[in-house]
Amino acid sequence: MVRWSDTAIEAVARRRAIVVLGAGSSMHSTPEAGSTRPPDWKSFLLTAADRLGRGPKREAKKLVAASEYLSACEIIKSHLGADWPNAVDDAFGNQRLQPGGLHTQIYGLDLPIVMTTNFDKVYQSAATRLSSSTVKVKTYRDQDLGLLAKGSSTSRVLLKTHGSIDDIGSMIFTRSDYVRLRTEFPLFQRVLSALAVTNTLIFVGCGLRDPDMILLLEDLAAATMGFGKHICITDSKQSTELEKVYNDCFGLECIRYKYDPIHSQLPVAIEQLQQLATKRRSELAAAALW
């Protein structure tokens, strides 16, 4: 049984929470015959590095071993040149994946916005089906993102913060891509800050060394410190020392489920959160406290 904090329950109950899906969430999909799940950062980079010549490949793999994923990706993309889109498409573009119970439970939290740093379409396909194709899919490049900050009680939005496999050229992958995201898309940065200040972010499928989560927290730290905690649901094997660092630096609270190799307790934990939030919504409605 996961011990969800009052902060998480209240935020979800009042629909003032945003789930942020990391790569680990896609591991809860089921590949169809002849397909595979999307790779994690390390697996993708090591496979892509094998396309390089001896020198760049050796340097890229050294950086991967040191968990310098963004720098490794920069080297790989630079040396692959025109072959880079092929490497990305081979890794992320050809999966035929059925969403799992985790994705259904996340949609069942009934939140206006779900964000994902993933390029794949696993949660997108689940949300499209469950919403009868009414969920709106946005990326950092859209010009109407300001509407997200105003909120809506009726629309449901999936915000793909790093682009989508549907547009390989838009995908935020390398160190220079992250710099470009910060400098060329100020509307996205302002909207992201506004959402993080007015909502509790709940990271799902992110390890404490996940570069996407760390970069997002770093970007938001100046805007959100003092506005309450954000939450990461993670397994019991993650570092308690890193947890303390991120709590001190970013106001990140970790909620843990029991580890097993397939993270079977993660969907159970989200289901528990859904039940607790539903109960709290009933209490709020009865007391007219909306």
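All values reported here derive from a predicted model rather than from experimental measurement. (Residues numbered from 1 in each chain as written. Predicted model: local features only at pLDDT ≥ 70, side-chain atom pairs only at ≥ 80, totals over all residues. Heavy atoms only, no water.)

Considerations on the overall build of the protein
Using the following cut-off: Per the convention used, a helix needs a DSSP run of H or I reaching at least four residues, while a strand needs a run of E reaching at least two, with both numbered from the N terminus. Two things to know: the radius of gyration comes from C-alpha atoms, and the globule rule equals 2.2 Å times the number of residues to the power 0.38. Summary of the burial criterion: residues with accessible area below 20% of their type's maximum are buried, those above 50% are exposed, and those between are partly exposed, where the area comes from a 1.4 Å probe applied to protein chains only. Every residue pair with non-hydrogen atoms within 4.5 Å of one another is taken to be in contact. Per-residue and other accessible areas were derived by the Shrake-Rupley procedure at a 1.4 Å probe size, with only the shown protein chains allowed to occlude residues. Charged residues are defined here as Lys and Arg on the positive side and Asp and Glu on the negative side; His and the ends of the chain fall outside this count. For the purpose of locating charges, the reference atoms are NZ of Lys, CZ of Arg, CG of Asp and CD of Glu.
Check the secondary structure of the protein and you find 14 helices and nine strands. Here the C-alpha atoms of the protein give a radius of gyration of 19 Å, agreeing with the 19 Å that 2.2 N^0.38 yields for 290 residues. Counting only C-alpha atoms, the protein reaches 65 × 40 × 40 Å along its principal axes. Within the span of the protein, comprising 290 residues, buried residues form 49% of the whole. Intrachain contacts of the protein at a sequence separation of at least 6 include 72% that bridge at least 24 residues. With an accessible surface of roughly 13600 Å², the protein has 51% of that area assigned to carbon and sulfur atoms. Positive and negative side-chain charges of the protein, numbering 35 and 31 respectively, have mean locations separated by a distance of 2 Å.

A word on helix α3 (residues 41–49)
Side chains that are three or four residues apart share a direction in an α-helix, a result of its 3.6 residues per turn. So the rule is basically this: Regarding the arc, it is the one traced by the directions from the helix axis to the C-beta atoms.
Taken as a whole, α3 has its buried residues at Trp41, Phe44, Leu45, Ala48 and Ala49. All buried residues of α3 lie within an arc of 125 degrees about the axis, which places them on one face of the element. Buried residues in α3 make contact with α4 (54–65), α5 (69–80), α6 (84–92), α10 (175–184) and α12 (211–224).

A closer look at empty space enclosed by the protein
Which entries qualify depends on this criterion: Both site types are read off a 1 Å grid over the protein atoms alone. A 1.4 Å probe that fits but cannot get out defines a cavity, while an open set with protein on both sides within 12 Å along at least five of seven lines defines a pocket; lining residues have an atom within 4 Å of a point. Grid points are joined across faces, edges and corners, and a volume is the space filled by probe spheres set on the points. Throughout, the ten residues Ala, Val, Leu, Ile, Met, Phe, Trp, Tyr, Cys and Pro are labelled nonpolar, Asp, Glu, Lys and Arg are labelled charged, and all others, Gly among them, are labelled polar.
Per the stated rule, a full pass over the model turns up four cavities of 30 Å³ or more. Here the largest cavity defines a volume of roughly 160 Å³. Looking at the largest cavity, it is lined by 13 residues, and the ones nearest its centre are Ala23, Pro39, Phe92, Asn118 and Phe119. When its residues are assigned to classes, the lining of the largest cavity shows eight nonpolar, two polar and three charged.

Overview of the packing of helix α1 (residues 6–13) against helix α14 (residues 265–286)
Basically, it comes down to this: The axes used here are C-alpha line fits, helices contributing only the stretch in contact, and every angle between their N-to-C directions lies in the interval 0 to 180 degrees. Crossing chirality is assigned from the near helix's rotation relative to the far helix, an anticlockwise turn below a right angle marking it left-handed and a clockwise turn marking it right-handed.
Interhelical geometry of α1 versus α14 gives an angle of 65 degrees and a closest axis separation of 8 Å. For the element pair α1 and α14, the recorded crossing hand is right-handed. For the pair α1 and α14, the contacting residues are Ala8, Ile9, Glu10, Val12 and Ala13 in the first and Leu273, Leu276, Ala277, Arg280, Arg281 and Leu284 in the second. The residue inventory of the contact of α1 with α14, partitioned by class, reads eight nonpolar, no polar and three charged.

Description of the environment of Thr7
With respect to the element layout, Thr7 can be found in helix α1. With a relative accessible area of 36%, Thr7 lands in the partly exposed category. Measuring from C-alpha to C-alpha, the distance between Thr7 and Ala17 comes to 9.8 Å, with ten residues separating the pair along the chain. Leave out the neighbours within four places in its chain, and Thr7 touches Thr200 and Ile231.

Notes on the side chain of His103
To keep it simple, the criterion reads: Each polar contact in these results corresponds to two N or O atoms within 3.5 Å; when the atoms are within protein, one needs to be able to donate a hydrogen and the other to accept it, and residues that are neighboring in sequence are counted only if both atoms are side-chain atoms.
Within the element layout of this structure, His103 appears in helix α7 (residues 101–108). On the accessibility criterion, His103 (1% relative accessible area) is buried. A polar contact of 3.1 Å, which involves the side chain of His103, links it to the backbone oxygen of Ser25.

Structural notes on the nonpolar core
Stated formally: Here, the term nonpolar core denotes a set of buried Ala, Val, Leu, Ile, Met, Phe, Trp, Tyr and Cys residues that are joined through side-chain atoms within 4.5 Å.
Formed by 59 residues in total, the largest nonpolar core has its most connected members in Phe44, Leu45, Ile76, Met115, Phe173 and Phe203. The element contributing the most residues to this core is α12, with seven residues. Residues within four places of Met115 in sequence aside, it is in contact with Ile18, Val19, Val20, Leu21, Leu159, Thr161, Leu192, Leu201 and Leu216. Membership of the second largest hydrophobic core comes to 31 residues, among which are Val114, Val135, Leu266 and Leu273.

Considerations on the layout of surface pockets
Rolled over the atoms, a probe sized like a water molecule indicates the empty space that remains. Its boundaries defined by the atoms lining it, the largest pocket holds a volume of some 940 Å³. In terms of lining, the largest pocket is formed by 29 residues, of which the most central are Gly24, Asp40, Gly207, Gln238 and His263. At the level of secondary structure, the elements contributing two or more residues to the lining of the largest pocket comprise α2 (23–26), α3 and β8 (230–235). Of the residues forming the lining of the largest pocket, the biggest block, three residues, is contributed by β8. By residue class, the composition of the lining of the largest pocket is 13 nonpolar, nine polar and seven charged.

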